[in-house]
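Structure assessment
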Amino acid sequence: MENSRKCFEMIVKEVVGEELLTLAEVKEMLIRIMDERREESDEEQVYEFRKALNHAEVFAKLSAKDAKEMVAKLLEFEKMRPVVAVRIADILPQSRDELRSIYAKEKFTLKDEDLDAILDVVRQFA
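The sections below set out a description of the structure shown in this document. (Residues numbered from 1 in each chain as written. Predicted model: local features only at pLDDT ≥ 70, side-chain atom pairs only at ≥ 80, totals over all residues. Heavy atoms only, no water.)

**Points about the overall build of the protein**
This is how it is decided: For helices the rule is a DSSP run of H or I covering at least 4 residues; for strands it is a run of E covering at least 2, with both sets numbered from the N terminus onward. Residue exposure (1.4 Å probe, protein chains only): buried if accessible area is under 20% of the type maximum, exposed if over 50%, otherwise partly exposed. Surface accessibility in these figures is a Shrake-Rupley result with a 1.4 Å probe; residues are shielded only by whichever protein chains are displayed.
Summing up its helical and strand segments, the protein has seven helices and zero strands in all. In the protein, buried positions account for 29% of the 126 residues. Carbon and sulfur atoms make up 51% of the accessible area of the protein, which totals about 9500 Å².

In structure tokens form, the structure reads like this:
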């Protein structure tokens, strides 16, 4: 166990930054990385990379540009945290109930008017 742990520690790179990304942005990044790797060599992408890209392609519902724009608009709301805005952009809730489920872990509840305003933003992009 100790040897495998040392081996693992040697291949892990340092985290230099962290940023919240929508699934659409992840998809765009993965496609760009795949294209760069294809230019560098003819090697097939590793299994995990292919699975991540497939997941992003299947579930990303917006373009990266639209997702960023939606998150920016959502962050204008008073009780909107970046992680919730990204989740909304990824899921694109269509009803108050779906939106409430996204806010379920928050320490507050939103009024129906606030929920409707958020849904209006979602409808602009969906």
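**Some words on the pattern of salt bridges**
Close approach of charged atoms lets side chains of opposite charge pair. Put simply, the rule is: Counted as salt bridges are all cases of a side-chain nitrogen of Lys or Arg within 4 Å of a carboxyl oxygen of Asp or Glu.
As enumerated under the stated definition, the model contains six salt bridges in all. In this structure, the salt-bridge partner of Asp 97 is Arg 100, at a minimum N-O distance of 3.1 Å. Of this pair, Asp 97 and Arg 100 both sit in helix α6 (residues 96-102), three residues apart, which is roughly one turn of the helix. When its relative accessible area of 56% is taken as the criterion, Asp 97 is described as exposed. Close ionic contact of Arg 123 with Asp 120 constitutes a salt bridge, the shortest N to O distance being 3.3 Å. Highlighted residues: Arg 123 and Asp 120, both in helix α7 (residues 112-125), separated by three residues, approximately one helical turn. When salt bridges that share partners are traced, they join Arg 96, Asp 97, Arg 100, Asp 112 and Asp 116 into one network.

**Let's talk about the packing of helix α2 (residues 23-40) against helix α4 (residues 64-74)**
Quick note on the threshold: Each axis is a line fitted through C-alpha atoms, taken for helices only over the stretch in contact, and angles between the N-to-C directions span 0 to 180 degrees. Note on convention: near helix rotated counterclockwise from far helix by under a right angle means a left-handed crossing. Clockwise means right-handed. Note on definitions: a residue-residue contact is assigned when non-hydrogen atoms from the two residues lie within 4.5 Å. The nonpolar class holds Ala, Val, Leu, Ile, Met, Phe, Trp, Tyr, Cys and Pro. Asp, Glu, Lys and Arg form the charged class, and all remaining residues, Gly among them, are polar.
Closest axis-to-axis distance for the α2/α4 pair is 8 Å, and the angle between their directions is 145°. Judged by the sense of rotation from one axis to the other, the crossing of α2 with α4 is left-handed. Here Ala 24, Glu 25 and Glu 28 of α2 come into contact with α4, specifically with Ala 64, Ala 67 and Lys 68. When the residues that make up the contact of α2 with α4 are grouped by side-chain class, the tally is three nonpolar, no polar and three charged.

**Details of unusual backbone geometry**
The backbone of Leu 92 sits at a positive phi, close to 55°, despite the residue not being glycine. Here Leu 92 is to be found in the loop between α5 (82-91) and α6.

**Concerning α4**
Note on helix geometry: an α-helix contains 3.6 residues per turn, so any two residues three or four positions apart are oriented the same way. This is how it is decided: This arc describes the spread of directions from the helix axis toward the C-beta atoms.
For α4, the full list of buried residues reads Ala 64, Ala 67, Met 70, Val 71 and Leu 74. The buried residues of α4 occupy an angular sector of 125° when the element is viewed end-on, so they sit on one face. Structurally, α4 contributes buried residues whose contacts are with α2, α5 and α7.

**Let's talk about a negative patch on the surface**
Heads up, the condition is: Like-charged residues are merged into a patch within 9 Å and nonpolar side chains (Val, Leu, Ile, Met, Phe, Trp, Tyr) within 5 Å, provided each residue has over 30% relative accessible area and no salt bridge. For the purpose of charge, His is not counted, nor are the chain termini; Lys and Arg are scored as positive and Asp and Glu as negative. One atom stands in for each charge, and that atom is NZ of Lys, CZ of Arg, CG of Asp or CD of Glu.
A cluster of like negative charges, contributed by Asp 35, Glu 36, Glu 39 and Glu 40, occupies part of the molecular surface. Topologically, Glu 40 is positioned in helix α2. Residue Glu 40 is classed as exposed on the basis of its relative accessible area, which comes to 69%.

**Quick word on the nonpolar core**
As a rule of thumb, soluble globular proteins bury nonpolar side chains together. This is how it is decided: Think of a nonpolar core as a cluster: buried Ala, Val, Leu, Ile, Met, Phe, Trp, Tyr and Cys residues, connected wherever their side-chain atoms sit within 4.5 Å.
Formed by 26 residues in total, the largest nonpolar core has its most connected members in Met 70, Leu 74, Met 80, Ile 88, Leu 99, Tyr 103 and Ile 118. The set of elements that each furnish at least two residues to this core consists of α2, α4, α5, α6 and α7. For this core, the element with the most residues is α7, which contributes six residues. If near-sequence neighbours (up to four positions away) are discounted, Ile 118 is found in contact with Leu 74, Phe 77, Met 80, Ile 88, Leu 99, Tyr 103 and Leu 110.

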